[in-house]
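# Structural description and commentary
So the chains spell out like this:
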Amino acid sequence: MRNYYLILTILSSFLITQNMWEGNSVSTSDNPDALFLNPAGLGIKRQISSIYFPINNDKDMPFSIKTSDRYNNFGFSTHYSDGDALFNPTGFIIGFGSKISKNLYSGFSWDKKKLISLGLLYRPYNFFSTGITLKSTEKFKDYFSIRTGIAIRPLKASHRFTIGLDYQYDKKYNYCKDDNQSNKIDYDESFIIPFIDLNIIPGITVSAKAFGLQDKNLNKLNFDNYTINLNFSFGKI
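This text gives an overview of the structure that appears in the document.

About the cut-offs
- Residues numbered from 1 in each chain as written.
- Predicted model: local features only at pLDDT ≥ 70, side-chain atom pairs only at ≥ 80, totals over all residues.
- Heavy atoms only, no water.
- Helix = DSSP H or I, 4+ residues; strand = E, 2+ residues; numbered from the N terminus.
- Buried < 20%, exposed > 50% of the residue type's maximum accessible area, 1.4 Å probe, protein only.
- Pairing = 2+ DSSP bridges.

### Considerations on unusual backbone geometry
- Located in the positive-phi region is Asn103, a residue other than glycine, with phi close to 70°.
- Turning to its location among the elements, Asn103 is positioned in the loop between strand 4 (91-101) and strand 5 (104-111).
- For Asn103, a relative accessible area of 23% translates into the label partly exposed.

### Details of the pairing of strand 3 (residues 74-81)
- Sheet topology places strand 2 (residues 64-72) next to strand 3; eight bridges connect them, and they run antiparallel. Following the sheet pairing, Asp69 is matched in strand 3 by Phe76.
- Turn length for the strand 2-strand 3 hairpin, with the two strands adjacent in sequence and antiparallel, is one residue.
- Taken together, the six bridges between strand 3 and strand 4 define a ladder with antiparallel strand orientation. Counted as the bridge partner of Gly75 is Gly95 from strand 4.

Set out below in structure tokens:
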């Protein structure tokens, strides 16, 4: 009976989690989410391996599998779709992190989609942390993003309960042809991302976050997108 409930719980987590590794904030990403949010989190030495099977209701979408591995200050992630060659996955990210000084970390990651990320993570106290990530294309054109955030642990600096807020600014460049000329069009948008993280027991965490979008044509934030995640973490930390 105990195994039955364990299997049921794991299956339910896959159903309600959009992405187990997307993380909450650039100020807290020091697990597999460091590869996706803030590579500076790789500067904190940990060893974690995880696997994820995305669930999609679209029957035309191919079967896929995602993996994420961390070994001390090095990490990589793969995304294989049905039909991919072993050495040519649909997605691949590799990253490195290091400790600059006491409680200050830096990191770098490269995405197969020709994106690079630079990050800083600073934790001066157990109850407070902050981080920043810069992301751009390899040639520093077409796309630029900056995301910064803070996180607070109000319960005696315990990791069981964390709240925080991120701000993200994206700038994209689109090209269109007009009268046989290529014109460059700028498009930018901003996000406010509040989040909450609750560690029920070691290895099981419930988290929630919302995305408040405001572009240059809007006068207010629209919180139309939010996620609720139930995550399981197994590994040596």
